Amino acid sequence: MSSYSIAVLPGDGIGPEITDAAEIVLKRLVASNQGLALDLTRYEAGASHYRATGVTLPPDVVTACVAADAVLLAAIGLPDVRNPNGTEVQPEMMVGLRRALDVQSAPRPVKLYPGVRSPLADVGAGIDMVIVRENLEGLFASFGGGAVVGDQVATDTIVITRAGTEKACRYAFELARRRNGRPRDGRRRVTCVDKANVFRCFAFFREVFFDVAKQYPDIEADALYVDAVSLYLVQEPDAYDVLVMENQFGDILSDLGAGLVGGLGMAPSAEIGDHHALFQPSHGSAPTIAGQNIANPIAMILSAAMMLDWLGERHDDPLALGASKQIEAAVAGVLARGDCRTRDLGGAASTTDFAEAVAAAL
Ligand code: ATP
Ligand code: MG
């Protein structure tokens, strides 16, 4: 019996709608997989919760997330809900949760599914890569510590540690081993993305990357500057397999990646540590389309699939691994059929319609 407790944080904006959609899929999955049990418990946190209670992330929710087998989070933050100092409440909550769960590596798959249009005219052999974002340091280490000096100069500090960089790089190489290589020719490749020619901290990141690469002689390792990669990802997206980079670069390039494969609604993500993991779509709470049942739930549903994959690997559980593959295949099948798509993909289906189509395909 594979039984997992999942802390579910629906959050703000479209969060509750896409959470409902993911639950429709997960419940059907459990119904059709004898022996798989998911105990999904919802918790309130985020901007709406802050508006109601003055607290963004209650301590008992953090405790529940740490105690759960995995955390599934939809979307946090609303632009008009701010701290007394004027900043949005979302970064504070996410940084707090990440630090509590100690989740160092953030894989963000960028995959073009048949039936989804890419804005690129020529995608070559296809797009199927994973951006691994270092998740706890880099420029985000400065969070809460930046300074404005004399109302004239503002500073933030970037921090790269050997330990943190090693974890993210090792994760990237291990991931490459589990994948099928880049679309172009099946070659396994991990690319370090940095700005090593200008900044000491990125030269160090690259140095640590190549130290880790020595332990993976079966995988091609190379390094490119972030500006060049922004060009190449558009020109030849089929040349990439796994890319690993500092936090802020990962934040930016994963949005670019989402843009190549149908938009933010297609972009799942995970945040993975030695003991805990959190799964959430790459997108935010999209308040302008909230409450209308029109959001694309795919990023959320595929994040749930990544969660089952991680649980399956961690607990050596073929049932969970298989369930993850079933979800992805069902999503791909519905997209390829072409008769059920949300508005962002050019269709007219509702959030619920799409979730039910995926459940039916299961
Ligand atoms: P964050 O600061 O949390 O990254 P953001 O300001 O980048 O959030 P999002 O909430 O991610 O913004 O949304 C940006 C736009 O992308 C939305 O206005 C919406 O049009 C679109 N979008 C995002 N997610 C979805 C989705 N699941 N389905 C459809 N459209 C989406
Ligand atoms: Mg964003």
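Each chain carries its own residue numbering, running from 1 in the direction its sequence is written. Going through the entries in the order they are written, you letter the chains from A and number the ligands from 1. Totals for whole chains, interfaces and linings use all residues, but because this is a predicted model, local features are given only for residues with pLDDT of at least 70 and pairs of side-chain atoms are given and counted only at 80 or more.

**Observations regarding the packing of helix α1 (residues 15–32) against helix α11 (residues 351–361)**
Orientation is described by axes fitted as lines to C-alpha atoms, over the contacting stretch for helices, and by angles from 0 to 180 degrees between their N-to-C directions. Numbering of helices and strands runs from the N terminus; a helix is a DSSP stretch of H or I covering at least four residues, while a strand is a stretch of E covering at least two. Between α1 and α11, the shortest axis-to-axis distance is 9 Å and the interhelical angle comes to 15°. Classed by the angle they form, the pair α1 and α11 counts as roughly parallel. Every pair of crossing elements has a handedness; the one defined by α1 and α11 is right-handed. Counted together, Glu-17, Ile-18, Ala-21, Ile-24, Val-25 and Arg-28 of α1 and Thr-351, Thr-352, Phe-354, Ala-355, Glu-356, Val-358 and Ala-359 of α11 form the full contact between these two elements. By residue class, the composition of the contact of α1 with α11 is eight nonpolar, two polar and three charged. Orientation is classified from the angle alone, with under 35 degrees giving roughly parallel, over 145 giving roughly antiparallel, 65 to 115 giving roughly perpendicular, and any other angle giving oblique. Crossing handedness follows the turn of the near helix against the far one: under a right angle anticlockwise gives a left-handed crossing, and clockwise gives a right-handed one. Each residue gets a C-beta atom placed from its backbone, and two residues are in contact if those atoms lie within 7 Å. For this classification, Asp, Glu, Lys and Arg are treated as charged, while Ala, Val, Leu, Ile, Met, Phe, Trp, Tyr, Cys and Pro are nonpolar and the rest, including Gly, are polar.

**Quick look at the sheet that holds strand β3 (residues 70–75)**
One open sheet accounts for 10 strands, arranged β2-β1-β3-β12-β11-β4-β5-β10-β8-β9; its pairing is mixed. Bordering the open sheet on either side are β2 (36–42) and β9 (220–225), each of which pairs with just one other strand. On average, each strand axis in the sheet is tilted by 25° relative to the strand beside it, whichever way the strands run. Where strand β4 (residues 103–111) and strand β5 (residues 128–134) come together, seven bridges link them in antiparallel fashion. When the bridges of β5 are listed, Ser-105 appears paired with Glu-134. Criterion used throughout: strands pair if DSSP finds at least two bridges between them.

**Things to note about unusual backbone geometry**
The phi dihedral of Asp-151 is positive, around 65°, even though this residue is not glycine. Assignment of secondary structure puts Asp-151 in the loop between β6 (147–149) and β7 (153–155). Burial is judged by counting the other C-beta atoms within 10 Å of a residue's own C-beta: 20 or more makes it buried, 12 or fewer makes it exposed, and any count in between marks it as partly exposed, with every C-beta position built from the backbone. Judged by local crowding, Asp-151 falls into the exposed class, with 6 C-beta atoms found within 10 Å. A positive phi is found at Asp-316, a non-glycine position, where the angle reads about 50°. Within the secondary structure layout, Asp-316 lies in the loop between α9 (298–314) and α10 (318–337).

**What to know about the site of ligand 1**
Residue proximity rests on one test: whether the C-beta atom, placed from the backbone, lies within 6 Å of the molecule or strand. Not every one of the 15 residues close to ligand 1 is listed here, only the nearest: Gly-265, His-283, Gly-284, Ala-286 and Asn-296. By residue class, the composition of the shell around ligand 1 is six nonpolar, eight polar and one charged.

What is shown is where atoms sit, not what they do.
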